[in-house]
Amino acid sequence: MLKNITFSTDEHLIQKAREVARKEHKSLNTVFQEWLKRYAGEENIIEDYQALMERLVYAQPGKKFTRDELNER
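Note that this is a predicted model, so its numbers are computed, not measured.

A. Quick look at the overall build of the protein. Helix and strand content of the protein: 3 helices and 0 strands. Tracing the protein from N to C terminus, the helices and strands come up as α-α-α. The globule rule puts the C-alpha radius of gyration for 73 residues at 11 Å, and the 22 Å found for the protein is more than 25% above it. For the protein, the spread of C-alpha atoms along the three principal axes comes to 55 × 30 × 25 Å. Across the 73 residues that make up the protein, the buried fraction comes to 3%. Total accessible area on the protein stands at roughly 7,800 Å², and carbon and sulfur atoms take up 54% of it. Once the 13 positive and 13 negative side-chain charges of the protein are each reduced to a mean point, those two points are 5 Å apart.

Right, here's the structure in full:
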């Protein structure tokens, strides 16, 4: 269910944001919804990253590769 909310900001900033959204073929409402989803999920991303790093603690860099080894395909 969508819920309406109201924000206040400078009219010039709103106009610039609308122009950017228009260039991206999006509405300002769509851009805001995308931003809000990212903003709300940011904490989960950090937690997921930290959990991944804990699981990868066993992986230790150590070997130095030669130039030829680095360029092998």
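Additional details are given in the paragraphs that follow.
B. Structural detail: the packing of aromatic side chains. Considering all chains together, one arrives at 3 aromatic pairs under this definition. Taken together, the ring pairs in this structure connect Phe7, Phe32, Trp35 and Tyr39 into an aromatic cluster.

About the cut-offs
- Residues numbered from 1 in each chain as written.
- Predicted model: local features only at pLDDT ≥ 70, side-chain atom pairs only at ≥ 80, totals over all residues.
- Heavy atoms only, no water.
- Helix = DSSP H or I, 4+ residues; strand = E, 2+ residues; numbered from the N terminus.
- Rg over C-alpha atoms; globule rule 2.2 N^0.38 Å.
- Buried < 20%, exposed > 50% of the residue type's maximum accessible area, 1.4 Å probe, protein only.
- Areas by Shrake-Rupley, 256 points an atom, 1.4 Å probe, with all protein chains shown as cover.
- Lys, Arg positive; Asp, Glu negative; His and termini not counted.
- Charge placed at Lys NZ, Arg CZ, Asp CG, Glu CD.
- Phe/Tyr/Trp six-rings, centres within 6.5 Å; stacked < 30°, edge-to-face > 60°.

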